[in-house]
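# Architecture and fold: a report
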Amino acid sequence: MDFVHVPVLFNEVLSSFDNEPAVFVDLTSGGGGHDAGILEKYPDVRAVLVDRDQDAVAHLREKFASFPNVTVVNAPFSEIDKILFLLQIPKVDIVFADLGVSSFQFDTPHRGFSMQKDGPMDMRMDKNSPLTALDYIKSATEGELRMILSLYAQEREAGTVARTLKRCADEGMTTTLQFAEEIRKAKKYAKKGIDPSTQVFMALRMAVNDELGELEKALKRAFPLLSDKGIMGVITFHSTEDRIVKNFFRDRRNKVPFYVGENDTVPVCDDASFSVDMLVPTEEECSRNPRARSAKLRILKKG
Ligand SMILES: C[S@@+](CC[C@H](N)C(=O)[O-])C[C@H]1O[C@@H](n2cnc3c(N)ncnc32)[C@H](O)[C@@H]1O
């Protein structure tokens, strides 16, 4: 399998993780690009590489087969507390996440993420999860679709697009190109140079994979596992997910307590001091890798 993905903010990630870690956890390992850098910088680190995509996991197992210090786990990252409990790892020095989809996922037509290449309306990162994008469109009400389009993509024509999505499904359309073409025809406004279906596909992908729910759970469950010199680093690509990370890090720096556990009943408040930082890609990186354009690396450092 040819797994192509250029890691964004690579140098910034490596230089931010400067705490000589004993344990490193990547919640979104993907093509393992950042991980290769971490393993080169810290060859003895115990690395736990998580991804819920089975293709990514197969690739990672092959890529890091000769590393006895690497464990690859196929799971949603919201289960980070359970994963580390089962691996008998009580504390972590670095928790890293590079959110969203990989270029491999996006560019593989049968995964159904692309509005340029034909494939089924699928969009699941985890092929075992029950709901494809088409199932989601069929089962959601027009109002629910309108809401996720407004909330996740700030889509100003959310009503029109929601109606179009429902109509396409009712008429038996099943493929990405069919849906993308109908969205393009239905929308009056579009940003210059951007395919009008881009934001719609992104909102559907976020809903199908419960991306914001996963992120909120992972942040809350990973934070109590940080060691005394722990660092969390998250790369976001989208204002809604970025706000979640920014507010979470700010609240930890300000020692605001929060709750975790099965029914959010276990209070967490860490008395250590924390600093926060935010880095963006250089002009040079953005021109080399346009995918980096909207990226932000948010860092929370303990101690
Ligand atoms: C942007 S890519 C990561 C690329 C990686 N940093 C690299 O250098 O190759 C994001 C990856 O995170 C995975 N992912 C997204 N949400 C996830 C979740 N909730 N749980 C586990 N993996 C997730 C995706 O399947 C994808 O492979």
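For the structure itself, look to the data block above.
These figures come from a predicted structure and were not determined experimentally.

Analysis parameters
- Residues numbered from 1 in each chain as written.
- Predicted model: local features only at pLDDT ≥ 70, side-chain atom pairs only at ≥ 80, totals over all residues.
- Heavy atoms only, no water.
- Axes fitted to C-alpha atoms, helices over the stretch in contact; angles between N-to-C directions.
- Helix = DSSP H or I, 4+ residues; strand = E, 2+ residues; numbered from the N terminus.
- Left-handed = near helix turned anticlockwise from the far one by under 90°.
- Contact = heavy atoms within 4.5 Å.
- Nonpolar A, V, L, I, M, F, W, Y, C, P; charged D, E, K, R; others polar.
- Salt bridge = Lys/Arg side-chain N within 4 Å of Asp/Glu carboxyl O.
- Buried < 20%, exposed > 50% of the residue type's maximum accessible area, 1.4 Å probe, protein only.
- Pairing = 2+ DSSP bridges.
- Parallel < 35°, antiparallel > 145°, perpendicular 65-115°, else oblique.
- Phe/Tyr/Trp six-rings, centres within 6.5 Å; stacked < 30°, edge-to-face > 60°.
- Lys NZ or Arg CZ within 6 Å of the ring centre and 35° of its normal.

When two helices pack together, their arrangement is given by the angle between their axes and by how far apart the axes lie. Two elements in contact, helix H8 (residues 158–170) and helix H9 (residues 176–186), have axes whose closest approach is 10 Å; the angle formed by their N-to-C orientations is 145°. Note on packing geometry: the crossing formed by H8 with H9 is right-handed. Side by side, H8 and H9 meet where Thr160, Thr164, Leu165, Arg167, Cys168 and Ala169 of the first sit next to Phe179, Glu182, Ile183 and Ala186 of the second. Of the residues that constitute the contact of H8 with H9, the class distribution is six nonpolar, two polar and two charged.

Now for the pattern of salt bridges. Tallied over the full model, the rule gives 20 salt bridges. A salt bridge links Glu181 to Arg184; the shortest N-O distance between them is 3.1 Å. Within this pair, Glu181 and its partner Arg184 are both found in helix H9, separated by three residues, close to a single helical turn. Under the relative-accessibility criterion, Glu181 is labelled partly exposed at 36%. For Arg184, a relative accessible area of 24% translates into the label partly exposed. Note that Asp251 and Arg250 form a salt bridge whose closest N and O atoms lie 3.2 Å from each other. Sharing partners across several salt bridges, the network here consists of Asp53, Asp55, Arg111 and Lys127.

Bringing the sheet that holds strand E1 (residues 23–26) into the picture now. Strands belonging to one sheet form pairs held by backbone hydrogen bonds; the direction of such a pair is parallel or antiparallel. The strand order E3-E2-E1-E4-E5-E9-E8 describes an open sheet built from seven strands, whose pairing is mixed. Every interior strand has two partners, whereas the edge strands, strand E3 (70–74) and strand E8 (274–279), have only one. Each adjacent strand pair in this sheet contributes to an overall mean axis angle of 15°, direction not counted. The sheet strands contacting helix H2 (residues 33–41) are E1, strand E2 (46–51), E3, strand E4 (92–98) and strand E5 (226–236), and the helix crosses E1 at an angle near 170°.

In this section: the packing of helix H7 (residues 142–153) against H8. Between H7 and H8, whose axes approach to 8 Å, the crossing angle comes to 130°. Considering the angle they form, H7 stands oblique to H8. In this structure, H7 meets H8 at a crossing whose hand is right-handed. Touching Glu142, Leu145, Arg146, Leu149 and Ser150 of H7 are Ala158, Gly159, Val161, Ala162, Arg163, Leu165 and Lys166, all from H8.

Counted under the stated rule, the structure contains eight aromatic pairs. For the ring pair Phe64 and Phe67, a centre distance of 5.5 Å and an interplane angle of 80° mean the geometry is edge-to-face. For Phe64, a relative accessible area of 5% puts it in the buried group. Given the relative accessible area of 29%, Phe67 is considered partly exposed. Aromatic side chains Phe223 and Phe248 sit 6.0 Å apart centroid to centroid with 85° between the ring planes, which places their arrangement in the edge-to-face category. Here the residue Phe223 occupies a position in the loop between helix H11 (211–222) and E5, and Phe248 occupies one in helix H12 (residues 239–253), the gap between them amounting to 25 residues. Taken together, the aromatic side chains of Phe223, Phe248, Phe249, Phe258 and Phe274 make up a single cluster linked through ring pairs. Above the face of the Phe248 ring, Arg252 is positioned so that its terminal group lies 4.5 Å from the ring centre.

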